[in-house]
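Below, each chain spelled out in residue letters.
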Amino acid sequence: DTGVSQDPRHKITKRGQNVTFRCDPISEHNRLYWYRQTLGQGPEFLTYFQNEAQLEKSRLLSDRFSAERPKGSFSTLEIQRTEQGDSAMYLCASSLTGGMSKTQYFGPGTRLLVL
Amino acid sequence: SQQGEEDPQALSIQEGENATMNCSYKTSINNLQWYRQNSGRGLVHLILIRSNEREKHSGRLRVTLDTSKKSSSLLITASRAADTASYFCATDDTGGFKTIFGAGTRLFVKA
């Protein structure tokens, strides 16, 4: 078990460019979450997958944001036409279905800086 | 918006002292979790307490939950410098799949 991994760990881009982040969850986990975290704040929920189905999206997730989990394994989060306000840490987490427990295991995050 | 609100926002104590952090939330929940985040890194799950539980222990951690007051507390006993981190409560509301985190308590333990 190698834990949740995210790639890249850091990304610097210019305003208006598109960026894509990848998350590889723990292999047997069927739930996958994306969060955004800005300095001094807690993670803000963006979206949630159960297997390949995207079951919930936050209103924070504007039309410029899209997430996929095509085969129910890894997931990608794309931001189109990035804005300076998109600068944040993007966190991915995964968990197992089962009972009432929804402990999430987090990756190290991708830190995005939009210039 | 974030559901959980932690109190205090920041806490500075001496090594060996106990640290208590509080969390309040707004809606009905299935469970409440506490996570720790070291500076600039991912979150680590500490403990989960279900809505039908009132108290739970794990090592030096003690969590209480009062669903009538929609609040929880995390007690870290005999703190160590390595406990320096941000601590977040997170709730899963009964209506959906969303996990909502508070803004966190920043704990600094002085050696």
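For the structure itself, look to the data block above.
These figures come from a predicted structure and were not determined experimentally.

J.: Sorry if this is basic, but what is going on with the overall build of chain B here?
T.: Across its full length, chain B holds 0 helices and 11 strands. Order of helices (α) and strands (β) in chain B, N terminus to C terminus: β-β-β-β-β-β-β-β-β-β-β. In terms of overall dimensions, chain B has C-alpha extents of about 45 × 30 × 20 Å along its principal axes. Burial status across chain B gives 45% buried among its 111 residues. Long-range contacts, defined here as pairs at least 24 residues apart, represent 55% of the contacts in chain B between residues at least 6 apart.

J.: Before we go on, may I ask you to explain the interface of chain A and chain B in this structure?
T.: How big an interface is tends to be stated in terms of accessible area lost as the parts join. Taken together, the 23 residues of chain A in the interface contact 23 residues of chain B. Of the roughly 1,900 Å² buried between chain A and chain B on both sides combined, carbon and sulfur atoms contribute 53%. Across the chain A-chain B interface, the total number found is 4 residue pairs in polar contact (both at pLDDT 80 or more). Listed by contribution, the elements that provide at least two residues to the side of chain A that touches chain B are β4 (31-37), β5 (44-50), β6 (53-57) and β9 (88-95) of chain A. A class-by-class count of the residues in the side of chain A that touches chain B yields 11 nonpolar, 8 polar and 4 charged.

J.: Where do I start with the sheet that holds strand β1 (residues 5-7) of chain A in this structure?
T.: Across a sheet, paired strands are connected by hydrogen bonds in the backbone, their directions being either parallel or antiparallel. Residue and element names in this part refer to chain A. If you trace the 4 strands from one edge of the open sheet to the other, you get β1-β3-β8-β7, paired in antiparallel fashion. Across the chains shown, the open sheet's two edge strands, defined by having one partner strand only, are β1 and β7 (65-68). Going across the sheet, the axis of each strand differs from the next one's by a mean of 15°, ignoring polarity. Pairing of β1 with strand β3 (residues 19-24) involves 3 bridges; the strand directions are antiparallel. Across the sheet, residue Gln6 finds its bridge partner in β3, namely Cys23.

J.: Quick question: what am I supposed to make of unusual backbone geometry here?
T.: Across the chain, the bulk of peptide bonds are trans and the bulk of non-glycine residues have phi less than zero. Between Asp7 of chain A and Pro8 of chain A the backbone carries a cis peptide bond, its omega angle lying at -5°. Checked against the element boundaries, Pro8 of chain A lands in the loop between β1 and β2 (10-13). The omega angle of the peptide bond from Asp7 of chain B to Pro8 of chain B is 0°, so this bond is cis rather than trans. Relative to the helices and strands, Pro8 of chain B resides in the loop between β1 (5-7) and β2 (10-14). At Arg81 of chain A, a residue that is not glycine, the phi angle is positive and equals roughly 50°.

J.: Teacher, can you tell me more about the sheet that holds strand β3 (residues 19-24) of chain B here?
T.: Residues and elements named next belong to chain B. In space, the 5 strands of this open sheet follow the order β1-β3-β8-β7-β6, with antiparallel pairing throughout. Single-partner strands in this sheet number two, and they are β1 and β6 (55-58). Neighbour to neighbour, the strand axes of the sheet diverge by 15° on average, direction disregarded.

J.: Would you explain the nonpolar core in this entry?
T.: Considering soluble globular proteins, one finds that nonpolar side chains tend to be buried as a cluster. If you look at the biggest cluster of nonpolar residues, it comprises 21 residues, and the most contacted ones within it are Met21, Leu32, Trp34, Leu74, Ile76, Tyr87 and Leu107 of chain B. The next biggest cluster of nonpolar side chains, apart from the first, holds 19 residues, and it includes Val4, Phe49, Ala67 and Val114 of chain A.

J.: I would appreciate a short explanation of the pattern of salt bridges in the present structure.
T.: Between side chains of opposite charge, pairing is possible as soon as their charged atoms come close. If you walk through the whole model with that rule in mind, you get 6 salt bridges over all chains. When the shortest N-O distance is used, the salt bridge between Asp86 of chain A and Arg64 of chain A registers 2.8 Å. Residue Asp86 of chain A is found in the loop between β8 (75-79) and β9, and its partner Arg64 of chain A is found in the loop between β6 and β7; the two are separated by 22 residues along the sequence. We classify Asp86 of chain A as buried; its relative accessible area is 3%. Arg60 of chain B is the salt-bridge partner of Asp83 of chain B, the closest N and O atoms lying 2.9 Å from each other. Taken as a pair, Asp83 of chain B in the loop between β8 (71-76) and β9 (85-93) and Arg60 of chain B in the loop between β6 and β7 (61-66) lie far apart in primary sequence, 23 residues in all. Of the residues examined, Arg60 of chain B reaches a relative accessible area of 22% and is grouped as partly exposed. Three or more residues joined by partner-sharing salt bridges are found here, namely Arg64, Glu83 and Asp86 of chain A.

J.: Got a minute to help me understand the packing of aromatic side chains in this structure?
T.: Remark: the centre distance and the inter-plane angle together describe each pair of aromatic rings, the angle taken between the planes. Taken as a whole and assessed by the stated rule, the structure comprises 9 aromatic pairs over all chains. Look at Phe21 of chain A and Tyr90 of chain A: their rings are 5.4 Å apart centre to centre, the planes differ by 45°, and that puts the pair in the tilted class. Here Tyr90 of chain A lies in strand β9 and Phe21 of chain A lies in strand β3, a separation of 69 residues in the sequence. Each member of the pair, Phe21 of chain A together with Tyr90 of chain A, is buried. Linked through ring pairs, Tyr33, Tyr35, Phe45, Tyr48 and Phe106 of chain A together with Tyr35 and Phe101 of chain B together constitute an aromatic cluster. One Lys or Arg, Arg22 of chain A, reaches over the ring of Phe74 of chain A and ends 3.9 Å from the middle of that ring.

Rules of the game
- Residues numbered from 1 in each chain as written.
- Chains lettered and ligands numbered in written order.
- Predicted model: local features only at pLDDT ≥ 70, side-chain atom pairs only at ≥ 80, totals over all residues.
- Heavy atoms only, no water.
- Helix = DSSP H or I, 4+ residues; strand = E, 2+ residues; numbered from the N terminus.
- Buried < 20%, exposed > 50% of the residue type's maximum accessible area, 1.4 Å probe, protein only.
- Contact = heavy atoms within 4.5 Å.
- Buried area = accessible area lost by both parts, 1.4 Å probe.
- Polar contact = N/O pair within 3.5 Å; in protein donor to acceptor, adjacent residues only side chain to side chain.
- Nonpolar A, V, L, I, M, F, W, Y, C, P; charged D, E, K, R; others polar.
- Pairing = 2+ DSSP bridges.
- Axes fitted to C-alpha atoms, helices over the stretch in contact; angles between N-to-C directions.
- Core = buried A, V, L, I, M, F, W, Y, C linked by side-chain atoms within 4.5 Å.
- Salt bridge = Lys/Arg side-chain N within 4 Å of Asp/Glu carboxyl O.
- Phe/Tyr/Trp six-rings, centres within 6.5 Å; stacked < 30°, edge-to-face > 60°.
- Lys NZ or Arg CZ within 6 Å of the ring centre and 35° of its normal.

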